[in-house]
There are 2 protein chains.
Amino acid sequence: MKQLENFFMPGSVAVVGASSNPAKSGYILLENIVNYGYKGDIFPINPSGGQALGKKIYTSFSEVGKKIDLAIMVIPNQAMESAVSDAAKCGVKNIIIISAGFGEESGPDGAGRTTRLQEIIRSSNIRVIGPNCLGIYDVLNQLNATNFPNLPKIKGNISFISQSGAYGGILFSALKERNIGLSKFISIGNQIDTGHADMLEYLGEDSTTAVIALFIEALKDGPRFLETARKVARKKPIVALKAGRTASGRCAAQSHTGSMAGEFSTYRAGFRQAGIILAEDSEQFMDMLSVLSLQHHILPPNNKVGIITISGGPAVSAADTCEESGIAVPALSEKTVKELRRYLPPFGAGNNPVDMTPQTAPENYLACMEAVCRDSDIGGLIALNVNLDFPEFGQALLKVQDKFKVPAVSVLIDNPKIEEMFGGRIPVFKTPERAVRAYKGLIAYRESRDRLIAKKTEARRKTIKVSGLSAKRRNCLTEHEAKMILKQCGIPVTRDILCKSRPEVLKAAEKIGYPVVLKVASQEILHKTDAGGVILSIANPIKLKEAFKELESKSPQWLVEEMVVDGQEIIIGGKRDETFGGVILFGMGGIFTEILKDFSLRICPVSRADAREMIDEVKSSPILKGYRGRKPANIDAIIDVIVKVSDLMHNNPEIRELDINPAIVNHKKLIVADSRMILDELRIKNNGQDMRAGI
Amino acid sequence: MKQLENFFMPGSVAVVGASSNPAKSGYILLENIVNYGYKGDIFPINPSGGQALGKKIYTSFSEVGKKIDLAIMVIPNQAMESAVSDAAKCGVKNIIIISAGFGEESGPDGAGRTTRLQEIIRSSNIRVIGPNCLGIYDVLNQLNATNFPNLPKIKGNISFISQSGAYGGILFSALKERNIGLSKFISIGNQIDTGHADMLEYLGEDSTTAVIALFIEALKDGPRFLETARKVARKKPIVALKAGRTASGRCAAQSHTGSMAGEFSTYRAGFRQAGIILAEDSEQFMDMLSVLSLQHHILPPNNKVGIITISGGPAVSAADTCEESGIAVPALSEKTVKELRRYLPPFGAGNNPVDMTPQTAPENYLACMEAVCRDSDIGGLIALNVNLDFPEFGQALLKVQDKFKVPAVSVLIDNPKIEEMFGGRIPVFKTPERAVRAYKGLIAYRESRDRLIAKKTEARRKTIKVSGLSAKRRNCLTEHEAKMILKQCGIPVTRDILCKSRPEVLKAAEKIGYPVVLKVASQEILHKTDAGGVILSIANPIKLKEAFKELESKSPQWLVEEMVVDGQEIIIGGKRDETFGGVILFGMGGIFTEILKDFSLRICPVSRADAREMIDEVKSSPILKGYRGRKPANIDAIIDVIVKVSDLMHNNPEIRELDINPAIVNHKKLIVADSRMILDELRIKNNGQDMRAGI
């Protein structure tokens with residue numbers, strides 16, 4: 001952490017590749033450092049020597065002969081390895097590499113350069129930002145170590161960790177337009193050494209940062225990032241914009257930064273668990289940052305807003321957007337409405353939204369706003385005003401925000417007087433939708449913080465250990481094997497008997513009791529139903545013989561199982577994600593999961609609260625809550641199994657995939673009717689030992 | 001139409017309620033008319049007389065003594081009736097009523113005033129805009145008959161019909177910021193006489209209007225509006241923003257304009273059929289208008305774009321937003337990629353998006369953009385540039401737009417030189433998402449126009465006539481009755497026999513053949529399944545006797561029906577919407593329709609093309625296309641029934657509601673297994689005659 005601080009508060013800076021040619025990066029960067037008022041020593045370095053901006057250019061690190069805290073590299077990538085080595089030898093501990101050409105997208109040369117550079121970094125104990133980045137900008141310390149011209153100099157409390165340099169440009173421009181300040185900008189580029197998690201951890205402790213912004217294409221170390229975020233999000237809002245949400249975007253991201261992004265739905269799940277606020281697009285990202293920057297200290301106590309306006313139409317759009325965003329626009333109490341009626345013209349709307357209309361006397365704006373804030377339901381205000389630039393409107397809104405300690409956001413069109421009044425205290429937007437979506441950031445932060453604090457209290461569970469797999473050196477376990485593992489974890493499974501002949505099948509059915517299910521049991525057949533290898537509801541021996549005839553030739557052995565009649569099918573699954581590790585899925589199975597993609601995900605370990613959220617998130621899950629006169633299913637039983645499957649995945653990294661499909665759940669209990677498990681081929685090959693969890 | 005023209009090109013204007021007090025509406029409006037350069041005669045009128053802005057204030061219409069083409073009323077609502085009567089008597093044909101206080105939201109007084117005013121309007125053959133509106137602004141004729149100060153004076157081709165005056169303010173401000181011009185602004189207010197449809201019809205013929213914008217809270221005459229839109233949308237893009245999409249919004253709209261808005265999903269269906277482009281929010285509304293204003297003459301031939309950038313990160317967001325918006329970002333051909341590689345640095349991405357990176361020489365931008373446009377797949381360009389203000393970038397983009405006749409939109413951050421170059425030719429946005437969503441307007445317009453032109457060729461169907469209902473003076477028809485009507489329309493229904501005793505039930509089953517279904521047949525039971533009144537798959541007389549025992553006490557009579565075994569359940573419904581009339585619903589029934597709200601709607605009459613779209617729009621409809629090895633269902637049979645149900649609803653306004661739930665469809669045919677029909681109570685009461693369609 002101390003070493004990371006050097007990036008932002010170095011006592012001295014070297015610009016390696018400094019140039020006297022104003023068209024060159026090495027000149028612009030040097031100029032920026034000088035012009036933005038950096039207070040420490042500045043050492044331009046270039047083997048060609050000479051002068052730049054009135055400063056001597058040193059020909060090497062050793063020529064400088066003084067302590068260099070931070071070196072910024074703007075040299076061709078071919079020269080990077082020796083430059084970094086030289087810097088390390090001369091005691092430089094922090095390096096920013098601006099130059100590109102290191103990712104896999106640059107071909108084998110790029111990959112080779114990256115590996116060799118990583119080796120140098122590791123062995124010399126330095127910290128590096130980049131390569132392929134735009135540098136850093138610390139507004140408070142006046143250190144602009146980027147190539148950006150015209151950066152805003154307003155000091156603020158937002159710090160931005162960006163995997164894209166250009167997104168910095170978008171944010172700078174947006175903040176300038178909104179007159180909102182910045183603390184730090186960090187372009188992390190290819191993350192050869194430091195990445196999102198490191199910088200997030202640093203900013204979590206940084207007292208000048210109140211709001212953290214993240215632009216993410218692909219995370220490098222998902223679990224560590226989430227762990228860090230979970231800690232930081234208890235103290236400060238973290239707002240993320242995730243690019244590479246779609247196949248087209250991921251493809252673009254890959255060629256852009258050379259890192260492969262996983263499925264967006266997995267990211268979204270992880271962000272939710274870690275308390276990161278996910279913006280839907282660049283504009284909401286910047287709008288939420290603006291609102292949080294100004295109002296993170298006056299969070300709304302609930303998700304209910306009062307909309308107050310003198311402009312009817314835009315207030316209708318605001319109300320729509322609230323409902324679409326999960327923000328309630330509750331009816332006001334009778335008392336409030338009665339009070340409002342004293343000030344409004346007869347055609348003014350005395351409910352929520354409160355339409356004061358242009359006919360309400362400006363001196364009554366305050367009384368109206370106070371009445372709304374006094375209503376016990378209201379947790380914040382959205383105020384709209386098109387074109388009536390009465391100072392009373394602005395004064396009233398500022399007054400109620402202070403007095404009632406509820407945040408207000410505004411939509412102002414052509415109201416320069418009011419807009420000036422709001423500067424730095426109430427955010428101003430140009431459309432109702434943007435105001436509402438920005439306000440959503442305040443609610444999201446309060447909710448995620450509360451959720452994280454509540455989560456901390458959940459009891460730790462004991463580790464699930466799996467044993468007895470030593471004999472199976474196969475990749476794909478049979479249903480019987482998979483169910484035995486689930487049973488070891490305390491998950492109820494249907495009784496089954498593996499049979500190798502017709503007499504065995506008939507005997508097994510007698511033992512289990514009719515009705516039974518007959519299934520093929522072959523390692524060749526992964527999807528038994530699709531292959532016509534499952535016959536359900538076999539009522540008696542005659543039907544069983546018919547069924548056996550049908551499946552006889554399809555498989556060398558068969559499974560006879562108890563038939564679960566009464567209940568609803570669900571699916572619970574687990575997979576190993578490259579970025580985040582174990583991921584758990586819940587859905588209603590079949591068409592719902594496969595065609596409608598109606599499922600929810602969480603990263604392991606999944607808490608009981610997470611599991612409950614997973615069920616609620618699935619749109620078709622109301623089926624479980626007593627659809628069409630059926631008894632509600634036992635939700636706790638589902639939560640139990642989700643949590644157990646999560647623990648199984650989390651503690652047994654050898655399991656690559658796990659499907660419970662279907663489990664049948666009714667009002668009493670849940671039982672797994674089929675399961676599939678795939679082990680990690682490499683691990684099996686590498687150690688061939690008994691798979692043992694909890695290690 | 002000629003009379004509507006008077007609103008915009010009057011030879012003379014009277015301002016009724018004109019005032020010499022600068023704080024009053026009657027002053028501001030008069031001042032606006034004078035200051036914006038209106039060329040005709042201006043007559044201020046006010047019973048108090050006096051002078052305003054150096055003009056004599058007349059005390060009455062009769063005192064003016066000259067022809068008045070347009071009167072604008074800014075007087076208290078209590079004085080309105082006599083003022084309108086006076087105006088009509090003096091030969092005024094067009095009146096704009098700014099004053100509020102006429103809707104139902106103003107209490108019984110407001111409603112009464114409205115009715116009396118309507119009577120005067122009807123009897124005197126005048127046309128009225130308003131009341132409760134902000135007036136009109138014709139930029140080309142320099143007539144600002146609104147209270148808005150500082151309106152932009154840039155002449156353009158967008159005309160805006162707005163049910164909210166304040167939305168005019170939002171659009172004015174947005175267009176000013178974008179430097180895009182306006183032709184007309186019409187604030188229609190409460191639509192006592194003229195409304196959306198009238199103005200749309202007028203603008204459809206107006207040669208100065210190339211793009212029509214609509215802000216809609218609630219339409220007054222849905223069918224006429226859609227019919228008008230359908231004609232206009234073949235010639236000009238119509239972009240709509242619909243407020244009152246949610247319950248909160250509808251509630252707000254109701255108190256705001258006193259008109260009740262129907263369900264948003266019905267509006268959306270109607271808009272699609274009429275070729276109206278629906279914006280998702282205010283910003284997309286204004287952004288699509290901007291793009292269409294500049295580029296309506298160079299529409300993209302397909303929905304495939306090339307994304308070209310020097311800024312990687314924002315291009316990833318652009319690609320994501322394309323995919324999320326149904327715009328394809330196709331891989332470029334090998335030939336194109338090879339050509340691009342000649343100009344790009346090795347780490348530049350040579351596919352789509354094309355990331356030229358800051359390292360590509362600006363003189364090569366044109367060659368890169370040309371290569372992309374030459375690719376046969378590409379129908380338009382999205383170009384992004386953060387911070388590298390090289391004129392070559394702007395010149396190249398303008399050049400390829402002209403040369404290849406494909407539209408380009410841009411994202412420019414801190415590029416003043418390029419931005420100036422694009423003025424009036426290439427739209428500029430500040431985030432990638434906005435650029436993509438705006439571009440979507442071009443694709444949507446081309447698609448809707450093509451769809452409308454194709455639709456025109458569909459054959460007219462013969463009118464469906466329903467007879468034989470004379471005996472039923474009931475509101476709610478039985479399943480048997482409803483099915484008989486469907487049968488008359490040529491819709492296949494399951495055989496059924498109505499029985500009054502156990503022997504009849506047993507006989508009926510023999511006649512129909514096992515397996516059968518037994519249902520209660522009682523007018524008291526609307527939802528038979530929920531009441532436990534349906535027993536399916538009865539295999540033999542023994543089972544039938546058991547079933548009868550169960551249903552015996554529930555109903556005075558029973559229906560024995562053929563059991564349809566093989567197929568997928570679907571639901572087709574019809575209802576009477578207050579705004580649009582007959583509306584048809586399609587869905588997969590059960591959970592899909594009820595819990596997941598996965599259904600599609602269209603307004604009657606529904607064409608075969610509409611019906612096909614309805615099926616495709618339903619997310620769960622892939623079930624019909626051969627899910628899990630089943631044969632694909634007969635989609636044409638579904639289309640047949642949707643169209644027939646639409647004709648039935650359309651030609652028989654006596655039918656208020658109609659449910660086919662379920663119909664069973666398989667690869668061969670469709671058959672209706674249950675139906676419910678509700679007739680309009682009032683009509684039944686009023687004429688009690690035989691219901692006869694085609695009238």
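Residues numbered from 1 in each chain as written. Chains lettered and ligands numbered in written order. Predicted model: local features only at pLDDT ≥ 70, side-chain atom pairs only at ≥ 80, totals over all residues. Heavy atoms only, no water.

1. Considering the sheet that holds strand S24 (residues 558-562) of chain A
All names here are of chain A. Within the open sheet, the four strands sit side by side as S21-S24-S22-S23. Their pairing is antiparallel. Strand pairing shows two members of the sheet lacking a second neighbour, strand S21 (496-499) and strand S23 (534-538), which therefore form its edges. In this sheet, neighbouring strand axes are inclined to one another by 20° on average, regardless of whether the strands run parallel or antiparallel. Strand direction decides the pairing type here: S21 and S24, joined by four bridges, are antiparallel. (Pairing = 2+ DSSP bridges. Helix = DSSP H or I, 4+ residues; strand = E, 2+ residues; numbered from the N terminus. Axes fitted to C-alpha atoms, helices over the stretch in contact; angles between N-to-C directions.)

2. With respect to the pairing of strand S12 (residues 211-216) of chain A
All names here are of chain A. With six of its six residues buried, S12 lies for the most part within the structure. Neither face of S12 is left uncovered, since the one carrying Val 211, Ala 213 and Phe 215 and the one carrying Ile 212, Leu 214 and Ile 216 both have all their residues buried. Two elements, S12 and strand S13 (residues 238-242), share five bridges in a ladder whose sense is parallel. Across the sheet, residue Ile 216 finds its bridge partner in S13, namely Lys 242. (Buried < 20%, exposed > 50% of the residue type's maximum accessible area, 1.4 Å probe, protein only.)

3. Things to note about the nonpolar core
Membership of the largest hydrophobic core comes to 120 residues, with the highest contact counts inside it found for Ile307(A) and Ile307(B). Residues in contact with Ile307(B), not counting those within four places in the same chain, are Ala315(B), Ala318(B), Ala319(B), Cys322(B), Val329(B), Asn352(B), Pro353(B), Val354(B), Ile382(B) and Leu384(B). One finds Cys489(A), Ile584(A), Leu596(A) and Cys604(B) within the second-largest nonpolar core, a separate group that totals 92 residues. (Core = buried A, V, L, I, M, F, W, Y, C linked by side-chain atoms within 4.5 Å. Contact = heavy atoms within 4.5 Å.)

4. With respect to the packing of helix H11 (residues 282-295) of chain B against helix H17 (residues 432-455) of chain B
Each pair of packed helices gets described by two things: the angle between the helix axes and the distance between those axes. Residue and element names in this part refer to chain B. Where H11 meets H17, the closest approach of the two axes is 8 Å, and the angle between their N-to-C directions is 60°. Considered as vectors, H11 and H17 are oriented oblique to each other. Viewed along their axes, H11 and H17 form a crossing whose handedness is right-handed. Residue-level inspection shows Glu 283, Gln 284, Asp 287, Met 288, Val 291, Leu 292 and Gln 295 of H11 in contact with H17, the latter providing Arg 434, Arg 437, Ala 438, Lys 440, Gly 441, Leu 442 and Tyr 445. For the contact of H11 with H17, the class distribution of residues is six nonpolar, three polar and five charged. (Parallel < 35°, antiparallel > 145°, perpendicular 65-115°, else oblique. Left-handed = near helix turned anticlockwise from the far one by under 90°. Nonpolar A, V, L, I, M, F, W, Y, C, P; charged D, E, K, R; others polar.)

5. As for the interface of chain B and chain A
The partner chain A presents 73 residues to the 74 residues of chain B that form the contact. Where chain B abuts chain A, roughly 5700 Å² becomes buried across the two surfaces, and 59% of that area is made up of carbon and sulfur atoms. Our count for the chain B to chain A interface comes out at eight salt bridges. Secondary-structure elements contributing two or more residues to the side of chain B that touches chain A are helix H6 (165-178), helix H9 (247-257), H11, helix H12 (312-324), H17 and helix H21 (590-594) of chain B. Here the side of chain B that touches chain A gets ten residues from one element, more than from any other, and that element is H12(B). (Buried area = accessible area lost by both parts, 1.4 Å probe. Salt bridge = Lys/Arg side-chain N within 4 Å of Asp/Glu carboxyl O.)

6. Some words on the packing of aromatic side chains
All names here are of chain A. Counted according to the given criterion, the structure contains 31 aromatic pairs over all chains. Ring centres of Tyr 167 and Phe 215 lie 4.2 Å apart, and the angle between their planes is 25°; this geometry places the pair in the stacked category. In this pair, Tyr 167 sits in helix H6 (residues 165-178) while Phe 215 sits in strand S12, placing the two residues 48 residues apart along the sequence. In terms of burial, Tyr 167 and Phe 215 fall into one category: buried. (Phe/Tyr/Trp six-rings, centres within 6.5 Å; stacked < 30°, edge-to-face > 60°.)

7. Comments concerning the domain arrangement of chain A
Along its sequence, chain A is carved into domain 1 (1-133), domain 2 (152-296), domain 3 (298-455) and domain 4 (495-562). Relative to domain 4 of chain A, the C-alpha centre of domain 2 of chain A lies at a distance of 54 Å. (Domains from an automatic or database assignment.)

8. A few points about the packing of helix H22 (residues 608-617) of chain B against helix H23 (residues 635-651) of chain B
All names here are of chain B. For the pair H22 and H23, the least separation of the axes is 9 Å and the interaxial angle reads 115°. Here H22 runs over H23; the crossing is right-handed. Residues Arg 608, Ala 611, Arg 612, Met 614 and Ile 615 of H22 touch H23, and the partners they reach there are Ile 635, Asp 636, Ile 638, Ile 639, Asp 640, Ile 642 and Val 643. Residues that form the contact of H22 with H23 fall into these classes: eight nonpolar, no polar and four charged.

9. Re the relation of the copies chain B and chain A
You can overlay chain B on chain A at an RMSD of 0.1 Å; the transform is a turn of 180° with a shift of 0.0 Å along its axis. In symmetry terms, the pair is related by a two-fold rotation axis. Closest approach to the rotation axis among the C-alpha atoms of chain B is made by Phe592(B), whose C-alpha sits 4.6 Å away. (Least-squares fit on C-alpha atoms with pLDDT ≥ 70 in both.)

10. Some details on the environment of Val92(A)
Residue and element names in this part refer to chain A. Within the secondary structure, Val 92 is located in the loop between helix H4 (80-89) and strand S6 (94-97). Spatially, the C-alpha atom of Val 92 lies 48 Å from that of Val 643, the residues being 551 residues apart in sequence. Excluding residues within four positions of it along the chain, Val 92 makes contact with Phe 61, Ile 68, Asp 69, Ala 71, Ala 87 and Ile 126.

11. Overview of the environment of Gly54(A)
Take Gly54(A): it is sitting in the loop between strand S3 (51-52) and strand S4 (55-56). Considering only alpha carbons, one finds Gly54(A) and Lys405(A), 351 residues apart in sequence, at a separation of 53 Å.

12. Quick look at helix H2 (residues 25-35) of chain A
Residue and element names in this part refer to chain A. For H2, every residue scored as buried is listed here: Gly 26, Tyr 27, Leu 29, Leu 30, Asn 32 and Ile 33. Contacts made by the buried residues of H2 are with strand S1 (12-16), strand S2 (41-45), S3, strand S5 (70-73) and strand S9 (143-145). Backbone geometry just downstream of H2 places Gly 37 in the positive-phi region, at approximately 95°.

13. Examining helix H15 (residues 391-404) of chain A
Residues lying three or four places apart along an α-helix face the same way, a consequence of the helix completing one turn every 3.6 residues. Residues and elements named next belong to chain A. Counted at 1.5 Å a residue, the expected span for H15 with its 14 residues is 20 Å, and the 20 Å between its end C-alpha atoms agrees. For H15, the set of buried residues is Phe 393, Gly 394, Ala 396, Leu 397, Leu 398, Val 400 and Gln 401. Looking at the buried residues of H15, the elements they touch are helix H11 (282-295), helix H14 (365-374), strand S17 (380-386), strand S18 (408-413) and helix H16 (416-422). (Expected span 1.5 Å × (residues − 1).)

14. Some words on the side chain of Lys528(A)
Residue and element names in this part refer to chain A. On the secondary structure map, Lys 528 appears in the loop between strand S22 (516-520) and S23. Classification of Lys 528 by relative accessible area gives buried; the value is 11%. Within the structure, Lys 528 has its side chain in polar contact with the side chain of Glu 479 (distance 3.0 Å). With residues up to four places along the chain from it excluded, the contact list for Lys 528 reads Glu 479, Lys 519, Val 520, Gly 533, Val 534 and Asp 674. (Polar contact = N/O pair within 3.5 Å; in protein donor to acceptor, adjacent residues only side chain to side chain.)

15. Quick look at the sheet that holds strand S19 (residues 428-429) of chain A
Judged by pairing direction, the sheet is parallel, and its five strands sit side by side in the order S16-S15-S17-S18-S19 (chain A) without closing on themselves. Looking at the sheet topology across the chains shown, the edges are occupied by strand S16 (354-355) and S19 of chain A.

16. Notes on the pattern of salt bridges
Scanning the model with the defined rule gives 90 salt bridges over all chains in all. As a salt-bridge pair, Asp193(A) and Arg127(A) come within 3.0 Å of each other at their nearest N and O atoms. Placement of the pair is Asp193(A) in the loop between strand S11 (182-187) and helix H7 (196-205) and Arg127(A) in strand S7 (residues 127-129), with a sequence separation of 66 residues. For Asp193(A), a relative accessible area of 23% puts it in the partly exposed group. With a relative accessible area of 22%, Arg127(A) lands in the partly exposed category. Among the ionic pairs, Asp450(A) bridges to Arg446(A), the shortest N-O distance being 3.1 Å. With Asp450(A) and Arg446(A) both in helix H17 (residues 432-455) and four residues apart, the pair spans about one turn of that helix. You can call Asp450(A) partly exposed: its relative accessible area is 37%. Taking the relative accessible area as the measure of exposure, Arg446(A) reaches 12% and is therefore buried. One continuous salt-bridge network, built from bridges that share partners, spans Arg178(A), Glu283(A), Asp287(A), Arg434(A), Arg178(B), Glu283(B), Asp287(B) and Arg434(B).

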